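For reference, the chains in residue letters:
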Amino acid sequence: MDESETPTKFDLQYAENKVRFSICDCSLDKKLSFWKLDNKECARKFLEKLKHFEKLTWTQFASLPRKNGLTPEKPGTPNFDLIHEQNTSESKLVEQYYFHFRVEQTGLFRVFGYQHGLFFCITHIDPRGKINH
């Protein structure tokens, strides 16, 4: 892990708060939304992963290995831009904490979003593993 990927990927003032999820900014584009979870098994795995992460603090969540935890999105990348377009936070123009995590290590799908306070605001779900191929 290089210096640019250290746990500064989240807002440290919420370090000891438990992670909570919000879907208020989730894309309505069918290919990038919950609508793409086309079977009950995918939906079940998605909800189980969220419940698992909600047991963790932001520090614990951010400290997980990349294959299990957060991967930061870098400014100027297509994934960062997709998240930014869906971000309705009033702090959108200040510090941005955009990232994704995997549901299953083998890449069943990825969940993209941003931190807003103690919330991980989900903006996109991509069952192909990543939004841009």
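Treat the numbers as computed from the prediction; the structure is a model and nothing was measured.

Calculation notes
- Residues numbered from 1 in each chain as written.
- Predicted model: local features only at pLDDT ≥ 70, side-chain atom pairs only at ≥ 80, totals over all residues.
- Heavy atoms only, no water.
- Pairing = 2+ DSSP bridges.
- Helix = DSSP H or I, 4+ residues; strand = E, 2+ residues; numbered from the N terminus.
- Contact = heavy atoms within 4.5 Å.
- Axes fitted to C-alpha atoms, helices over the stretch in contact; angles between N-to-C directions.
- Phe/Tyr/Trp six-rings, centres within 6.5 Å; stacked < 30°, edge-to-face > 60°.
- Buried < 20%, exposed > 50% of the residue type's maximum accessible area, 1.4 Å probe, protein only.
- Disulfide = S-S within 2.5 Å.
- Core = buried A, V, L, I, M, F, W, Y, C linked by side-chain atoms within 4.5 Å.

## Considerations on the sheet that holds strand β2 (residues 71-72)
Line of reasoning, step 1. Ordered in space as β1-β5-β4-β3-β2, the five strands form an open sheet in which the pairing is mixed. Two strands in the sheet have a free side with no partner beyond their single neighbour: β1 (20-22) and β2.
Line of reasoning, step 2. Relative to strand β5 (residues 119-126), strand β4 (residues 109-116) runs antiparallel, the two being bridged by seven bridges. Looking across to β5, one finds that R110 is bridged to D126.
Line of reasoning, step 3. Strands β3 (98-103), β4 and β5 of the sheet are contacted by helix α3 (residues 78-86), whose axis makes an angle of about 120° with β5.

## Quick look at the packing of aromatic side chains
Line of reasoning, step 1. Tallied over the entire structure, the rule returns 14 aromatic pairs.
Line of reasoning, step 2. Taking the centre distance of 5.4 Å and the plane angle of 50° together, the rings of F21 and F120 count as tilted. Taken together, the residues F21 in strand β1 and F120 in strand β5 connect sequence positions 99 residues apart. As far as burial versus exposure is concerned, F21 and F120 are alike and both buried.
Line of reasoning, step 3. Ring centres of F80 and Y98 lie 4.4 Å apart, and the angle between their planes is 45°; on these two criteria the pair is classed as tilted. Here F80 is found in helix α3, whereas its partner Y98 is found in strand β3, with 18 residues between them in sequence. The pair F80 / Y98 is uniform in exposure class, with both members buried.
Line of reasoning, step 4. Each member of the aromatic cluster is reached from another via a ring pair, and the members are F10, F21, F53, W58, F61, F99, F101 and F120.

## Considering the environment of A15
Line of reasoning, step 1. Within the element layout of this structure, A15 appears in the segment before β1.
Line of reasoning, step 2. Each C-alpha atom of the pair A15 and Q60 lies 8.3 Å from the other, and the pair is 45 residues apart in sequence.

## Here we look at the state of the cysteines
By definition, a disulfide links two cysteine residues through a covalent bond between their sulfur atoms.
Line of reasoning, step 1. Enumeration according to the criterion identifies zero disulfides in this entry.
Line of reasoning, step 2. Of all cysteine sulfurs, the one in C24 lies closest to C121, which takes part in no disulfide; the gap is 5.0 Å.

## Digging into the nonpolar core
Line of reasoning, step 1. Counting 24 residues, the largest nonpolar core has F46, F101, V111, F120 and I122 as the members making the most contacts within it.
Line of reasoning, step 2. For this core, the secondary-structure elements that each account for two or more residues are α1 (40-53), α2 (58-63), β3, β4 and β5.
Line of reasoning, step 3. Considering every element that reaches this core, the biggest residue donor is α1, with four residues.
Line of reasoning, step 4. If you look at the next biggest cluster of nonpolar residues, it comprises six residues, including F80, I83, Y114 and C121.

Don't take any of this as a statement about function, it's just geometry.
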